[in-house]
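# Structural overview for review
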Amino acid sequence: MTTYQITTELGANKKDKIEADQLGFGQVFTDHMFVMDYEEGKGWHNAKITAYQPLELSPAAMVFHYGQAVFEGLKAYATASGEVNLFRPDRNFKRLNASNDRLCIPKIDEAFALEALKELVRLDRDWIPTAPGTSLYIRPFIIATEPYLGVNPSKQYKFMIIMSPVGSYYKEGINPVKILVEQQYVRAVVGGTGEAKTAGNYASSLKGSELASQQGYSQTLWLDGKENKYVEEVGSMNIFFKIAGKVVTPALNGSILSGITRDSMINVLKSKNIPIEERAIEFAEIVEAAKNGTLEEAFGTGTAAVISPVGEFKWLEEVLTINDGQIGEVTQMLYDTLTSIQYGTMEDPFGWTIKL
Ligand code: COI
């Protein structure tokens, strides 16, 4: 680990906290943030924790024009014994560097980033909500800041971490969500940026999500960009199906986000000897399973989404109802196992949690 000095400038005022039932997702931010600069020839420098405040950037900053931006999402959990758990934060910084590589952004020091994150969480620890199902969502991100309109990798960046106390991502909470299978638009193609956690992937998903929402669906299920046939992901979560006792999820093929919750749930399933396959899945197979009664469960996994049961898919004119719109047994078991590890109510047999 490179040792950088972090300068801390405490904010003058503390903001009022929000009641747990008013939290929603990502609307309020804690008192402080972390920021570090990069300049070609100098590397990453000027690591600071400051009051949460607006940034001053040139209107020519390259992020505004060519979208060189990557981000991560992880959470800090208040445990019943008064401690704070982080869930696999090392994996987030590893993935941030993989996204950096794809977007030609200079890599960060992962071990230092984790230390900086811990220091920030310690400072704003009283922002971690304690009501059931709430947590502190942590958003590390990097943007290109060089004021230049040429299409090149920027020579200047900012690496920042902001934090937001959150409740559930979907208004449905743990109740099953309804998902529209997208036909017209695609999210990513193999060889593109689908595997990276970059802003543009989310921008390109908005149109489909908006159309889904107009039809009363919470999210869009993306199919592959080449044949419009194979299941990819939901955009804010990876997707799993349980068909005739076996759990299946799309294999990481280069256009799907390598979800940390996805990986964790595959490991939980294996530890319980529940068959799990990572492979290409045609959506037609899901329709067939729904029709012949073998589609038992469907659920999404993600940091923000946690484990979200899917109660319905709409594909063309077909409406597929899953498990009578109720949460399934395996989905519930995964939700309980994951959240018990995260909130420290169960021993963590996988060594995934890191105490602050
Ligand atoms: C997350 O689960 O952390 C995500 O990044 C998904 C979404 C809120 C963009």
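Residues numbered from 1 in each chain as written. Predicted model: local features only at pLDDT ≥ 70, side-chain atom pairs only at ≥ 80, totals over all residues. Heavy atoms only, no water.

Next up on the list: the overall build of the chain. For the chain, the count of helices and strands is 7 helices and 17 strands. Over its C-alpha atoms the chain spans a radius of gyration of 21 Å, differing by no more than 12% from the 21 Å that the globule rule assigns to 356 residues. Principal-axis analysis of the C-alpha atoms places the extent of the chain at approximately 60 × 50 × 35 Å. Burial statistics for the chain: of 356 residues in total, 52% are counted as buried. Long-range contacts, defined here as pairs at least 24 residues apart, represent 72% of the contacts in the chain between residues at least 6 apart. For the chain, the accessible area works out to roughly 15,800 Å², and carbon and sulfur atoms hold 49% of it. Computed over 34 positive and 44 negative side-chain charges, the inter-centroid distance for the chain is 2 Å. (Helix = DSSP H or I, 4+ residues; strand = E, 2+ residues; numbered from the N terminus. Rg over C-alpha atoms; globule rule 2.2 N^0.38 Å. Buried < 20%, exposed > 50% of the residue type's maximum accessible area, 1.4 Å probe, protein only. Contact = heavy atoms within 4.5 Å. Areas by Shrake-Rupley, 256 points an atom, 1.4 Å probe, with all protein chains shown as cover. Lys, Arg positive; Asp, Glu negative; His and termini not counted. Charge placed at Lys NZ, Arg CZ, Asp CG, Glu CD.)

Turning to the pattern of salt bridges, a few remarks are in order. By the definition in use, this model includes 17 salt bridges. In this structure, the salt-bridge partner of glutamate 227 is lysine 229, at a minimum N-O distance of 3.4 Å. A salt bridge links glutamate 318 to lysine 291; its shortest N-O distance comes to 2.9 Å. Of this pair, glutamate 318 sits in strand E16 (residues 318-321) while lysine 291 sits in helix H6 (residues 283-291), and the two are 27 residues apart along the sequence. Overall, glutamate 318 belongs to the partly exposed group, its relative accessible area being 28%. Counted as one network, the salt bridges with shared partners bring together Lys246, Glu277, Arg279 and Glu285. (Salt bridge = Lys/Arg side-chain N within 4 Å of Asp/Glu carboxyl O.)

Taken together, Phe71, Gly73, Tyr137, Arg139, Tyr169, Lys197, Tyr202, Thr303 and Ala304 are the residues near the ligand. Lysine 197 places a polar side-chain atom, nitrogen or oxygen, 2.7 Å from an oxygen atom of the ligand. Note that an oxygen atom of the ligand is positioned 3.4 Å from one of the backbone N or O atoms of threonine 303. For the ligand, the protein covers 90% of the area, taking 280 Å² as the surface of the free molecule. Mapped onto the domain boundaries, the shell around the ligand takes at least three residues apiece from domain 1 (7-166) and domain 2 (177-342). (Near = heavy atom within 4 Å. Polar contact = N/O pair within 3.5 Å; in protein donor to acceptor, adjacent residues only side chain to side chain. Domains from an automatic or database assignment.)

A word on the packing of helix H5 (residues 260-271) against helix H7 (residues 329-342). Relative orientation of the contacting elements H5 and H7 amounts to 110 degrees, with a least axis distance of 11 Å. Viewed along their axes, H5 and H7 adopt a mutual orientation that is roughly perpendicular. Contact with H5, carried on its side by Thr261, Met265, Val268 and Leu269, involves Val330, Met333, Leu334, Thr337 and Leu338 of H7 and no other residues of that element. Its residues placed into classes, the contact of H5 with H7 shows 7 nonpolar, 2 polar and no charged. (Axes fitted to C-alpha atoms, helices over the stretch in contact; angles between N-to-C directions. Parallel < 35°, antiparallel > 145°, perpendicular 65-115°, else oblique. Nonpolar A, V, L, I, M, F, W, Y, C, P; charged D, E, K, R; others polar.)

On to H6, then. Of all the positions in H6, only Phe283, Ile286, Val287 and Ala289 are classed as buried. Axial view of H6: buried residues confined to an arc of 165 degrees, hence all on one face. Lining the buried residues of H6 we find strand E9 (177-181), strand E10 (219-221), strand E11 (238-243), strand E14 (295-302), strand E15 (306-315) and E16. (Arc of directions from axis to C-beta.)

Here the focus is the packing of aromatic side chains. A full pass over the atoms with the stated rule returns 17 aromatic pairs. These aromatic residues form a ring-pair network of at least three members: Tyr4, Phe34, Tyr38, Trp44, Phe93, Phe112, Tyr157 and Phe159. Cation over ring: lysine 17 sits above tryptophan 127, and NZ or CZ is 4.4 Å from the ring centre. Directly above the ring of tyrosine 217 sits lysine 178, whose terminal nitrogen or CZ lies 5.0 Å from the centroid. (Phe/Tyr/Trp six-rings, centres within 6.5 Å; stacked < 30°, edge-to-face > 60°. Lys NZ or Arg CZ within 6 Å of the ring centre and 35° of its normal.)

This next bit is on unusual backbone geometry. Backbone geometry places alanine 244, a non-glycine residue, at a positive phi of 45 degrees. Structurally, alanine 244 is set in the loop between E11 and strand E12 (246-249). Alanine 244 gets classed as exposed once you look at its relative accessible area, which sits at 53%. Phi angles above zero are rare outside glycine, and leucine 316 is one such case at about 55 degrees. Within the fold, leucine 316 resides in the loop between E15 and E16. Here leucine 316 falls in the partly exposed class, since its relative accessible area comes to 46%.

Each assigned domain of the chain is listed here: domain 1 (7-166) and domain 2 (177-342). The gap between the C-alpha centroids of domain 1 and domain 2 is 27 Å. Contacts between domain 1 and domain 2 engage 20 residues on the former and 20 residues on the latter. When the two sides are added together, the surface that domain 1 and domain 2 hide from each other amounts to roughly 1,800 Å², 57% of it contributed by carbon and sulfur. Interface area lost by domain 1 to domain 2 is led by Phe71, Phe87 and Arg95, which between them contribute 35%. There are 2 salt bridges connecting domain 1 and domain 2. (Buried area = accessible area lost by both parts, 1.4 Å probe.)

As a general feature of sheets, a regular strand has side chains that alternate between the two faces. With 5 of its 5 residues buried, strand E5 (residues 74-78) lies for the most part within the structure. Burial along E5 is two-sided: the face carrying Leu74, Ala76 and Ala78 and the face carrying Lys75 and Tyr77 are both buried. Note that E5 and strand E6 (residues 84-87) share 3 bridges and pair antiparallel. Among the inter-strand pairings, alanine 76 is bridged to a residue of E6, identified as leucine 86. Where E5 hands over to E6, the hairpin turn is made up of 5 residues, of which glycine 82 adopts a positive phi near 90 degrees. (Pairing = 2+ DSSP bridges.)

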